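Letter by letter, the chains look like this.
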Amino acid sequence: MKNFFRRILNLIICFFSFINILYGQTFELIPFRKDSLFGFADSKGKIVIEPRYDRVDFFSKNVARVSINGLTAYINKTGEFIIQPKYTYVEYFPEYKMVKIISRDSFGYTDESYNVLIPLIYDYVTDIKDGYVIGQKQNEYFLIDIKGKWIKKLPYDLIYLGNTVKEGAVFKELMYVKKNDKMGCISKTGEELIPTKYDNIQIYRNDTLTLFTNGRMGLSKSSGKEILAPVYDNFFIQDKLFFIEKNSKWTILDHNFKKILPFEFDTLTSASTNDKFIIRKDGKYGVFSTKTYLDIPPIYQTLREVELFHKKPCTFAPHGFLVSMDSLYGVVDTLNNILIPIKYPFTFKNKFDNPNYSMFGWADTLGNRMLAKLNGRAGVIDSNGKEIVPFIYYAVGGFKTNYSMVQIDAEPGEISGKWGIVNYSGKEVLRPKYDSIRDLGNGFYEVHINQRFGYVTVDGVEFFDDSKK
C-alpha cells in the first residue's frame, strides 16, 4: 500500500513539475493524501504538514484553504491556522485581512479573528474589489466599503455576475444589471459602464461586448464606449476590419469605421483561407481579402474555389478559383490572373472515377489535368490550359492511373458510343471499339464487345471468354 501511495505521489510531482516548466511556477508544498486525510509534502515527497484534513487546496499567497470536520479554515506553510475552522464555508482575502463568511444562507465579512465587519445579513455579497463589495438583501442592492459602511443603494432590479474581460493587459470583472427589463453593465465597485437600455448584452471578445436591442446588434467596449450602434442585422470583426450587415446588404469598414469598398454587396461567404471572402454584388461574384482588399472584382457569373472540385488541393493553384463569364469557364488565381482561359462553353459530370466532379473536374489525383468540353467535344487540358487529350471525344474519364477511358460518338443505330483508352500524354493506346470498359487496375480492363465479355491490357492483348454473355 505504501508503494502504491508513493507511486501516486511521484505521478503528482511529475505532473506539477511539468506545470512548472510551462508556467514558471514553483509548488513548494504539494497535497499529500494518507488514507482518507490530506496534508502537504515537499517536492521530494517528505511530509511537511501531517495529513489531518478532509480536503485541501494548493497554497496561494502563502496560505491554503483546508476542510476539517466539515468546517473551512486557512493555514500557513507551517500548518498553523490563519483562519480558524468555525464556519462551513469561508473565503480569505489576505490582502485585506478579511474573510467572506457563508452561514445558513447568509453572507458577510469578518476580520481574521471573526470580528464582524460586514454583518451576515445579506443574501449575497460579491468578492472584494478596490475596497468595496456589493451586497444583496431581498431585492435591493448596496455598495458597501470594507468597514461595513453603506456607500449607496444601487438603483437596479437585478444584479448578477457577468464576465471577466481583458482590456489591454488588464483583466476586468463586469456585472450585468437590469432595470425596467433593460440590461446594462457595472463594475464591481458599482460604477455604471453601460447604461440599462439594451435587451441583452453578451461578451464578444477581449473587452468588447455585443449589444442587442429590437432585434438588432451593435458593439461596445467594456468601458461603455459604443463602437457600433445596435442597428445592424449581423456583424463580425476580423483582422481589425468590421464586416456589418444591414437590410441584407454587407459593408466593410476599417478600424476608423471608414468604408473600404465604395459599394455594398449582397452576400459574404468565408473562403478556405482565413483572410479571404467570396462576395456577391448584383448577381456577380468576386473575392475580398482582409490583407489586400478587393483581389477579384465582382464580375464573374460563377466563382468557386478550385479545392472544392477535388479531394486534394490543386498543385498549380492552391487557392485558385473556377470562374465563368457568359457561360464560358476558366480558372484564375487569387489575384485574378488567368490560369486557364475563360473559353470553355461548359463542362460535364465525370461518372466513372469521381461522382463528385461537376463543372470543371480534375482528371487526376494531383490536379495537373482538368476535364473540360469545347465545342461539344470532351478533352483534357493541363494547368496552363494546354490541350493534352484532344477535344474529339464524346466523354473522357479521369486518370486514376496513367491511363484514362475515352468514348467516341455513337454510330447510327447504336445506343452509345465505343470506348477506348488514352495514356497520360493523351495518346490512344486502345482504339475505341468496346461497348463498355471497366478499369481493374495495373493496366488491366474488363470489356464487352459485340455481346462478348473478356479482359484486355493496355498493350492490346485481349482475353475473351465467349461462353460468358
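Residues numbered from 1 in each chain as written. Predicted model: local features only at pLDDT ≥ 70, side-chain atom pairs only at ≥ 80, totals over all residues. Heavy atoms only, no water.

Trainee: I keep staring at the overall build of the protein and nothing clicks. Help me out?
Mentor: For the protein, the helix and strand inventory stands at one helix and 46 strands. Long-range contacts, defined as pairs at least 24 residues apart, comprise 27% of the intrachain contacts of the protein with a sequence gap of at least 6. Approximately 25100 Å² of the protein is accessible, and the part contributed by carbon and sulfur atoms is 50%. (Helix = DSSP H or I, 4+ residues; strand = E, 2+ residues; numbered from the N terminus. Contact = heavy atoms within 4.5 Å. Areas by Shrake-Rupley, 256 points an atom, 1.4 Å probe, with all protein chains shown as cover.)

Trainee: Explain the sheet that holds strand 30 (residues 293-300) here, please?
Mentor: What links the strands of a sheet is backbone hydrogen bonding, and the strands pair in either a parallel or an antiparallel sense. If you walk across this open sheet you meet the four strands as 27-28-29-30, and the pairing is antiparallel. This sheet does not close on itself; its edge strands, each paired only once, are strand 27 (267-270) and strand 30. Across this sheet, the average inter-strand angle for adjacent strands is 20°, counted without regard to direction. Here strand 27 runs beside strand 28 (residues 276-281); their pairing, made up of four bridges, is antiparallel. Residue pairing across strands places Ser270 opposite Phe277, the latter belonging to strand 28. (Pairing = 2+ DSSP bridges. Axes fitted to C-alpha atoms, helices over the stretch in contact; angles between N-to-C directions.)

Trainee: Is there a simple way to think about the confidence of the model for the protein in this case?
Mentor: Should pLDDT be low for a region, the predicted coordinates there are not to be read in detail. Averaged over all residues, the pLDDT of the protein is 81; the fraction at 70 or higher stands at 81%. pLDDT under 50 marks residues 1-24. Its contacts with residues more than four places away, or in other chains, come to 19 contacts. (pLDDT = per-residue confidence, 0-100.)

Trainee: I tried to follow the sheet that holds strand 5 (residues 64-68) on my own but got confused; where do I start?
Mentor: Spatial strand order, 4-5-6-7: four strands in an open sheet with antiparallel pairing. Sheet topology places strand 4 (55-56) and strand 7 (81-87) at the edges, where each strand pairs with a single neighbour. In the sheet, strand 5 pairs with strand 6 (residues 71-75) via five bridges, with the strands oriented antiparallel. By the bridge assignment for strand 6, Arg65 is matched with Tyr74.

Trainee: Any chance you could explain the environment of Phe38 here in plain terms?
Mentor: You can see Phe38 is positioned in strand 2 (residues 37-41). Sequence-wise, Phe38 and Pro51 are 13 residues apart; in three dimensions their C-alpha atoms are separated by 4.3 Å. Residues within four places of Phe38 in sequence aside, it is in contact with Phe32, Arg33, Glu50, Pro51, Arg52, Tyr53, Asp54, Arg55 and Val56.

Trainee: Would you explain the side chain of Asp295 in this entry?
Mentor: When you line up the elements, Asp295 lands in strand 30. Within the structure, Asp295 has its side chain in polar contact with the side chain of Thr292 (distance 2.6 Å). Aside from chain neighbours lying at most four places away, what touches Asp295 is Lys276, Val287, Ser289, Thr334, Leu335 and Asn336. (Polar contact = N/O pair within 3.5 Å; in protein donor to acceptor, adjacent residues only side chain to side chain.)

Trainee: What am I meant to see in the environment of Ala271 here?
Mentor: Its location among the elements puts Ala271 in the loop between strand 27 and strand 28. Measuring from C-alpha to C-alpha, the distance between Ala271 and Val287 comes to 8.8 Å, with 16 residues separating the pair along the chain. Sequence-distant contacts of Ala271, defined by excluding residues within four places in its chain, comprise Lys276, Phe277 and Glu305.

Trainee: Explain the layout of surface pockets to me, please; I cannot follow it from the model alone.
Mentor: Any space left empty among the atoms is revealed by the rolling of a water-sized probe across them. Each pocket or cavity is described by its volume, and for the largest pocket that value is around 350 Å³. Looking at the largest pocket, it is lined by 19 residues, and the ones nearest its centre are Ser60, Lys61, Glu91, Tyr92 and Pro94. Elements that contribute at least two residues to the lining of the largest pocket include exactly strand 5 and strand 8 (89-93). With three residues, the single largest contributor to the lining of the largest pocket is strand 8. Split into classes, the residues belonging to the lining of the largest pocket amount to nine nonpolar, one polar and nine charged. In this structure, the second largest pocket occupies an estimated 300 Å³ of space. Lining the second largest pocket are 14 residues, with Thr208, Lys221, Ile227, Ile237 and Phe242 sitting closest to its centre. (1 Å grid on protein atoms, 1.4 Å probe; cavity = no way out; pocket = protein on both sides within 12 Å on 5 of 7 lines; lining within 4 Å. Points joined across faces, edges and corners; volume = space filled by probe spheres on them. Nonpolar A, V, L, I, M, F, W, Y, C, P; charged D, E, K, R; others polar.)

Trainee: Could you clarify how one ought to interpret the side chain of Ser187 in this entry?
Mentor: Position of Ser187 relative to the elements: it lies in strand 18 (residues 182-187). In this structure Ser187 touches Ile134, Glu173 and Leu193, once residues within four positions along its chain are discounted.

Trainee: Please explain the pattern of salt bridges as it appears in this structure.
Mentor: Side chains that differ in charge, positive against negative, can pair when their charged atoms come close. According to the stated counting rule, one finds 17 salt bridges in the structure shown. The shortest N-O distance in the salt bridge between Lys100 and Asp127 comes to 2.7 Å. Taken together, the residues span a long stretch of sequence, with Lys100 in strand 9 (residues 98-103) and Asp127 in the loop between strand 12 (124-125) and strand 13 (132-137) at a distance of 27 residues. Classification of Lys100 as buried rests on a relative accessible area of 5%. Under the relative-accessibility criterion, Asp127 is labelled partly exposed at 25%. The partner of Asp199 in a salt bridge is Lys182, with the nearest N and O atoms 2.5 Å apart. One end of the pair, Asp199, is in the loop between strand 19 (192-198) and strand 20 (200-205); the other, Lys182, is in strand 18, with 17 residues separating them in the sequence. (Salt bridge = Lys/Arg side-chain N within 4 Å of Asp/Glu carboxyl O. Buried < 20%, exposed > 50% of the residue type's maximum accessible area, 1.4 Å probe, protein only.)

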